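# Tertiary structure, described
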Amino acid sequence: MNLLTFSLMKTYRLIFVLLLFPFFTGCIEIVEKITVHSNKSGKASYSLNTNQRGFFLNNLAGFFDNSLQDEVILEAKKFANQLKNQPGISNVHINTDLATNNFELSFEFDNSKNLNNALYKMSGNKKTMFSPGYLKIKRHRLKKFNFSPWVKPYLERENIEIPDMYITSMITFSSIIELPEEIISYNPSSIKISHDSKIVKNSYSLQNIIEGKVNTGIRIKY
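Residues numbered from 1 in each chain as written. Predicted model: local features only at pLDDT ≥ 70, side-chain atom pairs only at ≥ 80, totals over all residues. Heavy atoms only, no water.

## Points about the pairing of strand S5 (residues 135-138)
The alternating pattern of S5 places Leu135 and Ile137 on a buried face and Lys136 and Lys138 on a face that is not buried. Alignment of S5 against strand S6 (residues 141-144), held across four bridges, turns out to be antiparallel. Each bridged residue has a counterpart across the sheet, and for Lys136 the counterpart in S6 is Lys143. A loop of two residues connects S5 with S6, the two strands running antiparallel in sequence, and His140 in this loop sits at a positive phi of about 65 degrees. (Buried < 20%, exposed > 50% of the residue type's maximum accessible area, 1.4 Å probe, protein only. Helix = DSSP H or I, 4+ residues; strand = E, 2+ residues; numbered from the N terminus. Pairing = 2+ DSSP bridges.)

Now the structure itself:
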């Protein structure tokens, strides 16, 4: 597994805290939203939305030393504190809705280089010129890394039990990217484009991502 993959898996550790327990009775959506400005800076947010209420996490609390809700908040704070110390990263915020157990972690980045450097440093590694980046923003072009092929090997390597297929099929990962200008071309062709041609969205079930059956990468020209 390359350094970028390890960095990304560390980034999604907070999400795995919730996803890798086989007690779900409803649907969950993980949303990655990236907004790109004309100067190639941007904002990224990661949110978890569920139709479950407080009883969901409270019922799980008996299986752990701390409640799962406390675990999620603790991981979110750790992640946010690490981000605050990274060059080119600013305005790090955590929003948690205790009533619905939904949460969002957001931050701004000066450019995609600083974003990629932050992901590597948070995993204890240093990005080099030969290391792949999660997000590359150039003049009127954007490329997002396809992490799908690396999820299952990571889970197996870390001895994390993969949830039942029925559970993972109810969990959706959505990536939304907003550009400063109209989109000229994009890949894959399956992603959805907004009416103003400035926003793209692709969504996949966690099951297909774990099995490496989908391409979570995106290429855009605008």
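## Quick word on the side chain of Asn114
Mapped onto the elements of the fold, Asn114 is located in helix H5 (residues 112-122). Setting aside chain neighbours within four positions, we find Asn114 in contact with Pro87, Gly88 and Ile89. (Contact = heavy atoms within 4.5 Å.)

## What to know about the sheet that holds strand S10 (residues 199-205)
The strand order across the open sheet formed by seven strands is S3-S4-S2-S1-S7-S10-S9, and the pairing between neighbours is mixed. The sheet terminates laterally at strand S3 (89-97) and strand S9 (192-193), the two strands that pair on one side only. Across seven bridges, the pairing between strand S2 (residues 42-50) and strand S4 (residues 102-109) is antiparallel. Following the sheet pairing, Lys43 is matched in S4 by Glu108.

## Topic: the sheet that holds strand S11 (residues 218-221)
Sheet strands line up and pair through hydrogen bonds in the backbone, either parallel or antiparallel. Taken together, four strands build an open sheet; the order of strands is S5-S6-S11-S8 and the sheet is antiparallel. Whereas interior strands pair on both sides, the edge strands pair on one side only; in this sheet they are S5 and strand S8 (185-187). Recorded for the sheet is a direction-independent mean angle of 5 degrees between the axes of neighbouring strands. (Axes fitted to C-alpha atoms, helices over the stretch in contact; angles between N-to-C directions.)

## A look at the environment of Arg219
Within the fold, Arg219 resides in strand S11. The exposure class assigned to Arg219 is partly exposed, which follows from its relative accessible area of 46%. Residues Arg219 and Ser185 lie 34 residues apart in sequence; the distance between their C-alpha atoms is 8.3 Å. What Arg219 contacts, discounting residues up to four positions off in sequence, is Leu142, Lys143, Ser185, Tyr186 and Asn187.

## Regarding the pairing of S4
Judged by how many residues are buried, S4 sits mostly within the fold: six of eight residues are covered. As paired elements, S3 and S4 share seven bridges and run antiparallel to each other. Residue Ile89 lies in a different strand from S4, and its bridge partner there is Phe109.

## Some words on a positive patch on the surface
The grouping of Lys136, Lys138, Arg141, Lys143, Arg219 and Lys221 at the surface amounts to a positive patch. Secondary-structure elements contributing two or more residues to the positive patch are S5, S6 and S11. (Patch = residues over 30% accessible without salt bridge, like charges linked within 9 Å, V, L, I, M, F, W, Y side chains within 5 Å. Areas by Shrake-Rupley, 256 points an atom, 1.4 Å probe, with all protein chains shown as cover. Salt bridge = Lys/Arg side-chain N within 4 Å of Asp/Glu carboxyl O. Lys, Arg positive; Asp, Glu negative; His and termini not counted. Charge placed at Lys NZ, Arg CZ, Asp CG, Glu CD.)

## Observations regarding unusual backbone geometry
Glycine aside, a negative phi is what most residues show, and trans is what most peptide bonds show. Put simply, Asn187 and Pro188 share a cis peptide bond, and its omega is 10 degrees. Tracing the backbone shows Pro188 in the loop between S8 and S9. A positive phi angle is found at Lys40, which is not glycine, with a value near 75 degrees. Even without glycine at this site, Asn91 takes up a positive phi of about 50 degrees. Tracing the backbone through its elements, the reader meets Asn91 in strand S3. Taking the relative accessible area as the measure of exposure, Asn91 reaches 44% and is therefore partly exposed.

## Observations concerning helix H6 (residues 148-157)
Each α-helix turn comprises 3.6 residues. Residues three or four places apart therefore point the same way. Where H6 is concerned, the buried positions are Ser148, Val151, Tyr154 and Leu155. Axial view of H6: buried residues confined to an arc of 100 degrees, hence all on one face. Backbone geometry just after H6 places Asn159 at a positive phi near 55 degrees. (Arc of directions from axis to C-beta.)

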